[in-house]
Amino acid sequence: MKNTQIIIDKVVVTEKGTRLGSSDNQYLFNVHPDANKIEIKQAVEEMFKVSVTKVNTMNRLGKLKRDRKFRYGRRASVKRAVVTLKEGDKIELT
């Protein structure tokens, strides 16, 4: 298994992420692009000392950005994971 700090880049704190955390006991993470669901589950359980029931992943393509001339570039793509915790477990984000 890879190092947990390499697998989990950061916790995503957005409107959707906080809504999922408060209502459905789910948390949103940016993860390493090569990480699979089993590695993500083990990393979250080890890092936050909680029980994970389900992991959903999605690959998000980076946005197109234009500079002052008419050249286009692209922001970095990111892999995101939605982690569902066992009833009663919670991750303190503050």
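Look up: the structure comes first, before these words.
Given the structure is predicted, the values throughout are model-derived calculations rather than measurements. (Residues numbered from 1 in each chain as written. Predicted model: local features only at pLDDT ≥ 70, side-chain atom pairs only at ≥ 80, totals over all residues. Heavy atoms only, no water.)

### So, the nonpolar core
And step 1. Judged by nonpolar contacts, the single largest core of 16 residues is most densely connected at Phe29, Ile40, Val44, Val83 and Leu85.
And step 2. Put simply, the parts of the chain that give this core at least two residues each are strand E2 (26–31), helix H3 (37–48), strand E3 (52–60) and strand E6 (78–85).
And step 3. Contact partners of valine 44, with chain neighbours within four places excluded, come to Ile8, Phe29, Lys49, Val50, Val52 and Val83. (Core = buried A, V, L, I, M, F, W, Y, C linked by side-chain atoms within 4.5 Å. Buried < 20%, exposed > 50% of the residue type's maximum accessible area, 1.4 Å probe, protein only. Helix = DSSP H or I, 4+ residues; strand = E, 2+ residues; numbered from the N terminus. Contact = heavy atoms within 4.5 Å.)

### Details of the sheet that holds E2
And step 1. Strand order in this open sheet of four strands is E1-E2-E6-E3, and the pairing throughout is antiparallel. Pairing within the sheet leaves two strands with one partner each, and these edge strands are strand E1 (8–11) and E3. For this sheet the average axis-to-axis angle between neighbouring strands, irrespective of direction, equals 30°.
And step 2. As judged from the eight bridges shared by E3 and E6, these two strands associate in the antiparallel manner. Along E6, the bridge assignment pairs asparagine 59 with lysine 79.
And step 3. Helix H2 (residues 15–23) contacts E2 and E6 of the sheet and is inclined by roughly 140° relative to E2.
And step 4. Packing of H3 onto the sheet brings it into contact with E1, E2, E3 and E6, and relative to E3 it is tilted by some 120°. (Pairing = 2+ DSSP bridges. Axes fitted to C-alpha atoms, helices over the stretch in contact; angles between N-to-C directions.)

### Regarding the layout of surface pockets
Think of a ball as big as a water molecule: rolled over the atoms, this probe shows where empty space is left.
And step 1. Taken as a whole, the largest pocket holds about 240 Å³ of empty space.
And step 2. Lining the largest pocket are Lys10, Asn30, Arg60, Leu61, Gly62, Lys63, Arg75, Ala76, Ser77, Val78 and Arg80.
And step 3. When its residues are assigned to classes, the lining of the largest pocket shows three nonpolar, three polar and five charged. (1 Å grid on protein atoms, 1.4 Å probe; cavity = no way out; pocket = protein on both sides within 12 Å on 5 of 7 lines; lining within 4 Å. Points joined across faces, edges and corners; volume = space filled by probe spheres on them. Nonpolar A, V, L, I, M, F, W, Y, C, P; charged D, E, K, R; others polar.)

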